[in-house]
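Coordinate analysis (summary)
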Amino acid sequence: MTGWLASVTDAGEARQVLAAGADIVDAKNPHTGALGALPPDTVRAIVNAVGGHAPVSATVGDFPTMEPHAVAHAVDTMAATGVDFVKIGLFQAPALHDCLDALAPLCTHHRLVAVLFADRNPDIGLADRLAECGFAGIMLDTLDKSAGGLLRHQPVARLTRFVDHARHLGLVSGLAGSLRVTDIPILAPLGADYLGFRGALCRSHARTRALDARAMLAVSDAIVKMRGVSEQTLACA
């Protein structure tokens, strides 16, 4: 069953999304890029606020040059906060494969999730390399949050292949990128492990604004509804 990930900026927001039923709490700074990193102390506070009631993930920031030492250091620093997953954006840079080589040893100690950017012609074939390195998961997100959501950049057929291939490789899969409630009935049946949200949970759908209780409830209700549809389909099979 597909769950939902909620990106939060502090411990207070973490408690809000937990109360709304989020399956994964994601620590991210929406003011500093697609995968903006929060200070480690803030992430530790989020982990403490969640208290083991849901997995916590955290992003390490945007590293367009994919400099191996810098990315590996950022991963180690974020993993030390106690999060369950560390997310790393994979940019198409000359050092990308050297960076993956540097991250492979860390996969024996940390659960790493690679993020590909759906609006930057992502190399879906990297999933095989990530599985070989020992990554725990892979997801699609968007880099430019002003250029439309995930479905504007990737057709459903390609998203289906992405999710199916990740499952075949034993990778946790996620779909995100300016998703709205109306995207849930389209994306949930694809079978990704989670759908990721930030803007849809905020006032006026602005990812840098405060969370909105009604918006969070709308996402939660839509996910629950799709789970019910899946259960009925399985029962009739």
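Residues numbered from 1 in each chain as written. Predicted model: local features only at pLDDT ≥ 70, side-chain atom pairs only at ≥ 80, totals over all residues. Heavy atoms only, no water.

On to the nonpolar core. Counting residues in each nonpolar core, the largest one holds 85 residues, and the members touching the most others are Leu90, Phe135 and Leu175. When near neighbours in sequence (up to four residues on either side) are disregarded, Leu90 contacts Met66, Leu96, Leu100, Ala114, Val115, Leu116, Phe117, Leu126 and Leu130. (Core = buried A, V, L, I, M, F, W, Y, C linked by side-chain atoms within 4.5 Å. Buried < 20%, exposed > 50% of the residue type's maximum accessible area, 1.4 Å probe, protein only. Contact = heavy atoms within 4.5 Å.)

This part takes up the packing of helix α4 (residues 96-103) against helix α5 (residues 126-133). Where α4 contacts α5, the two axes come as close as 9 Å, and the packing angle between them is 25 degrees. What the angle tells us is that α4 and α5 run roughly parallel. As for how α4 packs across α5, the hand of that crossing is right-handed. Along the contact surface, α4 presents Leu96, His97, Leu100 and Asp101, while α5 presents Leu126, Arg129, Leu130 and Cys133. Residues that form the contact of α4 with α5 fall into these classes: five nonpolar, one polar and two charged. (Axes fitted to C-alpha atoms, helices over the stretch in contact; angles between N-to-C directions. Helix = DSSP H or I, 4+ residues; strand = E, 2+ residues; numbered from the N terminus. Parallel < 35°, antiparallel > 145°, perpendicular 65-115°, else oblique. Left-handed = near helix turned anticlockwise from the far one by under 90°. Nonpolar A, V, L, I, M, F, W, Y, C, P; charged D, E, K, R; others polar.)

Moving on, we get to the environment of Ala222. You can see Ala222 is positioned in helix α9 (residues 213-236). Residues Ala222 and His168, 54 residues apart in the sequence, show an inter-C-alpha distance of 27 Å. Beyond its immediate stretch of four places on either side in the chain, Ala222 contacts Val181 and Ile184.

With that settled, consider the sheet that holds strand β2 (residues 24-27). Here we have eight strands rolled up into a closed barrel, ordered β1-β2-β3-β4-β5-β6-β7-β8, and parallel in their pairing. Mean inter-strand twist for the sheet, computed between neighbouring axes without regard to direction, equals 25 degrees. One ladder, built from four bridges, connects strand β1 (residues 3-8) with β2; its direction is parallel. Looking at β2, one finds that Leu5 is bridged to Ile24. Seen against the sheet, helix α3 (residues 68-79) touches β3 (56-59), β4 (85-89) and β5 (112-117) and runs at an angle of roughly 155 degrees to β4. The sheet contacts of helix α7 (residues 156-169) involve β6 (137-141) and β7 (172-175), and relative to β7 the element is tilted by about 160 degrees. (Pairing = 2+ DSSP bridges.)

Now for unusual backbone geometry. Backbone phi values are negative for most residues with the exception of glycine, while trans is the configuration of most peptide bonds. Of note in the backbone geometry, Ser204 takes a positive phi value of approximately 60 degrees without being a glycine. Relative to the helices and strands, Ser204 resides in the loop between β8 (194-197) and α9. One non-glycine residue with positive phi stands out, namely His205, at about 60 degrees.

Residues Val56 and Ala58 line one face of β3 and the alternating positions Ser57 and Thr59 line the opposite face, and both faces are buried. Here β2 pairs with β3 via three bridges, running parallel. Bridged to Ala27 within β3 is Ala58. Traced from β2 through helix α2 (residues 40-50) to β3, the parallel crossover comes out right-handed. (Right-handed = clockwise from strand over helix to strand, strands pointing away.)

Right, let's get into α3. For α3, spanning twelve residues, the distance from its first C-alpha to its last is 16 Å, which sits close to the expected 16 Å at 1.5 Å a residue. Within the sequence span of α3, burial applies to Val71, Ala72, Ala74, Val75, Met78 and Ala79. Projection of α3 onto a plane perpendicular to its axis shows the buried side chains occupying an angular sector of 160 degrees, all on one side. Within α3, the exposed residues directed more than 90 degrees away from the buried face are His69 and His73. The N-cap of α3, judged by a side-chain oxygen 3.2 Å from the amide nitrogen of His69 a few residues on, is Glu67. (Expected span 1.5 Å × (residues − 1). Arc of directions from axis to C-beta. Polar contact = N/O pair within 3.5 Å; in protein donor to acceptor, adjacent residues only side chain to side chain.)

Turning our eyes to something else, we now look at the packing of helix α1 (residues 11-20) against α2. Running from N to C, α1 and α2 point in directions that differ by 35 degrees, and their axes come no closer than 8 Å. The handedness of the crossing between α1 and α2 is right-handed. Here α1 contributes Ala11, Ala14, Arg15 and Leu18 to the contact with α2, which in turn contributes Ala45, Ile46, Ala49 and Val50.

Attention shifts here to the environment of Arg44. For Arg44, the position within the fold is in helix α2. Overall, Arg44 belongs to the partly exposed group, its relative accessible area being 33%. With 20 residues separating them in the primary sequence, Arg44 and Pro64 have C-alpha atoms 26 Å apart. The contact partners of Arg44, leaving out residues within four places of it in the chain, are Ala80 and Thr81. Among the polar contacts listed, one links the side chain of Arg44 to the side chain of Asp41, at a separation of 2.7 Å.

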